[in-house]
Amino acid sequence: MNRLRYAFYPGCTAHASARDYTRSTYATFQALGIELEEVPDWCCCGSTAVSNVDPLLGMALCARNLALAESTGLDLAVTCNACYANLAPTLEAYREERRVRDRLQRVLDAVDRHLEGEIAVKHGVHILTRDLGLPRVEEHVRRPLDGLKVVPYYGCLLSRPRNPYEDPENPTSLDELLCVLGAEVLPFERKTKCCGGSFMNTKEEVALRLTFEILEEARERGAHVIVAACPLCQLNLDAYRAKLRARFGTYHDTPVLYFTQVVGLALGLDRNDLAIGQSFVPADRVLGLR
Amino acid sequence: MVVAIEPVVTQRELLPEEIRNPYFPAEVEDISGQSVWACMQCGTCSGSCQFAEQMDYTPRRIMEMVRTGLREQVLASKAIWYCASCYSCTVRCPRGIQVTRVMMTLKSLALRAGYVNPREDAPAFYDSFLRVLRMFGRVHEPTLVAAYALRTRPTRVLGMMPMALGLVRRGRMAPLPDRTRSLGEVRRLMEAVERVRTSESAGAREVGVRAQSEPRATGQEVVVR
Ligand code: SF4
Ligand code: SF4
């Protein structure tokens, strides 16, 4: 089988608050024989912030990044849910909605870029579970995660508004992936509920409540680790524990790891290469359990 | 026998023009690409929304208010700023309406038309995001959060310090903003978006869509149930 190769859109947090995610992504993908080439000179995709104040600008930023990626001749890999939920729907609208295509082409012309719309955009989770495939992942497992209880947290934007590989209400690919690593995957009712992350700066009360509910369910179910597939979800669930304790009186010590870190561990990669020690809530104790 | 059929006049059409802007539904449909008239008022969106409790009008009511043309009331509402763009409503709407895109459209119109509710921090946050984007082409969170704090409550910076330091200490955070090399291109792209928009709203005026950008502040409220 040919080596899998993708153009990689890391997104802004990869170069800011989630360098650990980027590091573990490169390490794990490489160990699985998947090559990632960073999209040359990508810019911000606009996140939900720009789509909210200026939907056309949001799509235009995505269109530029898609055009840059398309010019590499490779399909596009994305590991941030917010970037994915911006880039993939923009591509879809570009292909299917005449008006959107016209508007975006006028904008792209102004910066001498061209988008054919032939590229495919995929989230890292689906590159592992669909493109590479679960049996191939399983072949690479060197240190199965026996005895590790995990809950997968998909967040809002991995399966919504649309993902060709997921049921928007009940996505399963992360569950399947964690299963082949040997982990015990617990049912998790809030796996697609909003954690309120986008409100953490503007409506803290509302955001804290939602974050608390997710952490509380993970604790009640006895999870050792919460597995996230997005740097924004990870940060939001990981970094506000002291505030949550002050507000609700309960301290949650369940660590939140990226799926790339958890897969990497099962492949037998080094903790440092996976940047395991960089989350706010340390994961060493629970990982030592195994 | 000849039966005279009375034209159907809905309650909506009886409202005076100062309150009801008949062009509003078309304006929203044009930007969002969603048909507000397809809504059957089932309330699935409101039932799926984790933020409906905090909103002054639920998503279903917002849809009806848009159709009724209550432009001012909708754009000045708190509800639109409580939408977190989680898409729960969108995947469930039985009429296939992307309610999230309608909400995004309403927020963008509210900002453009100056209906910024001073009690809402969200518009300031989004605006800070745009500024940082224009500065670097990429968004560095500490810079964004600092810009936002300075615009709203500078003491906020203090509350954010532990988080920022925590990130730096753990080696997760690049202390300095990263930038796109072709920043000029990103700015040209932003200008091009502005041009496309202005040329379209000029076109829309010609075909008779009233481009209404000034808040009218009639202060009158219509209750849509
Ligand atoms: S779910 Fe759809 S049809 Fe039902 S009220 Fe909401 S927008 Fe209207
Ligand atoms: S997208 Fe907005 S309106 Fe829809 S369910 Fe989520 S928060 Fe509510």
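For the structure itself, consult the block above.
Residues numbered from 1 in each chain as written. Chains lettered and ligands numbered in written order. Predicted model: local features only at pLDDT ≥ 70, side-chain atom pairs only at ≥ 80, totals over all residues. Heavy atoms only, no water.

Colleague: Before we move on, could you go through the site of ligand 2 and cite the residues and values that matter?
Modeller: All names here are of chain B. As a matter of local geometry, ligand 2 sits amid Cys49, Phe51, Pro59, Cys83, Ala84, Ser85, Cys86, Tyr87, Ser88, Cys89, Thr100 and Met103. Of all the secondary-structure elements, those providing two or more residues to the shell around ligand 2 are helix 6 (88–92) and helix 7 (99–112). Class assignment for the residues of the shell around ligand 2 results in 9 nonpolar, 3 polar and no charged. (Near = heavy atom within 4 Å. Helix = DSSP H or I, 4+ residues; strand = E, 2+ residues; numbered from the N terminus. Nonpolar A, V, L, I, M, F, W, Y, C, P; charged D, E, K, R; others polar.)

Colleague: Requested: an account of the sheet that holds strand 3 (residues 75–78) of chain A, with residues and values cited.
Modeller: All names here are of chain A. Ordered in space as 2-1-3-4, the 4 strands form an open sheet in which the pairing is parallel. Edge positions in the sheet fall to strand 2 (34–38) and strand 4 (121–123), since each has one partner strand and no second. In this sheet, adjacent strand axes meet at a mean angle of 40° when their direction is disregarded. Pairing geometry for strand 3 and strand 4, over 3 bridges, is parallel. Counted as the bridge partner of Ala77 is Lys122 from strand 4. (Pairing = 2+ DSSP bridges. Axes fitted to C-alpha atoms, helices over the stretch in contact; angles between N-to-C directions.)

Colleague: Summarise the interface of chain B and chain A; cite the residues concerned and give the values.
Modeller: Put simply, an interface is often sized by how much accessible area is lost when its parts join up. Each side of the interface is counted separately: chain B has 64 residues, and chain A has 60 residues. Summed over both partners, the interface of chain B with chain A comes to about 5,700 Å²; 58% of that surface belongs to carbon and sulfur atoms. Ranking the residues of chain B by area buried against chain A places B:Arg170, B:Arg172 and B:Leu189 at the top, with a combined share of 14%. Connecting chain B to chain A are 8 salt bridges. Linking chain B with chain A are 20 residue pairs in polar contact (both at pLDDT 80 or more). Looking at the side of chain B that touches chain A, the element that brings in the most residues is helix 11 (residues 183–206) of chain B, giving 12 residues. Its residues assigned to classes, the side of chain B that touches chain A shows 31 nonpolar, 14 polar and 19 charged. (Contact = heavy atoms within 4.5 Å. Buried area = accessible area lost by both parts, 1.4 Å probe. Salt bridge = Lys/Arg side-chain N within 4 Å of Asp/Glu carboxyl O. Polar contact = N/O pair within 3.5 Å; in protein donor to acceptor, adjacent residues only side chain to side chain.)

Colleague: Before we move on, could you go through the pairing of strand 1 (residues 4–9) of chain A and cite the residues and values that matter?
Modeller: Residue and element names in this part refer to chain A. Most of strand 1 is tucked away: 5 of the 6 residues are buried. Here strand 1 runs beside strand 2; their pairing, made up of 5 bridges, is parallel. Bridging from a neighbouring strand, Phe8 pairs with Glu38 of strand 2. Assessed by its sense of winding, the connection that carries the chain from strand 1 through helix 1 (residues 19–31) to strand 2 is right-handed. The pairing of strand 1 with strand 3 spans 4 bridges and is classified as parallel. (Buried < 20%, exposed > 50% of the residue type's maximum accessible area, 1.4 Å probe, protein only. Right-handed = clockwise from strand over helix to strand, strands pointing away.)

Colleague: Pulling in residues and values, what's your account of the site of ligand 1?
Modeller: Residue and element names in this part refer to chain B. Around ligand 1, the structure places 13 residues, and the nearest of them are Cys39, Cys42, Gly43, Cys45 and Cys93. When residues of the shell around ligand 1 are traced back to their parent elements, those giving at least two are helix 3 (44–48) and helix 4 (59–68). Split by residue class, the shell around ligand 1 holds 8 nonpolar, 3 polar and 2 charged.

Colleague: Describe the sheet that holds strand 5 (residues 149–153) of chain A, listing the residues and the values that go with them.
Modeller: Residue and element names in this part refer to chain A. Within the open sheet, the 4 strands sit side by side as 6-5-7-8. Their pairing is parallel. Single-partner strands in this sheet number two, and they are strand 6 (184–185) and strand 8 (256–258). With 2 bridges joining them, strand 5 and strand 6 adopt parallel strand pairing. Paired with Val150 across the two strands is Val185, which belongs to strand 6.

Keep in mind these values describe shape, not function.
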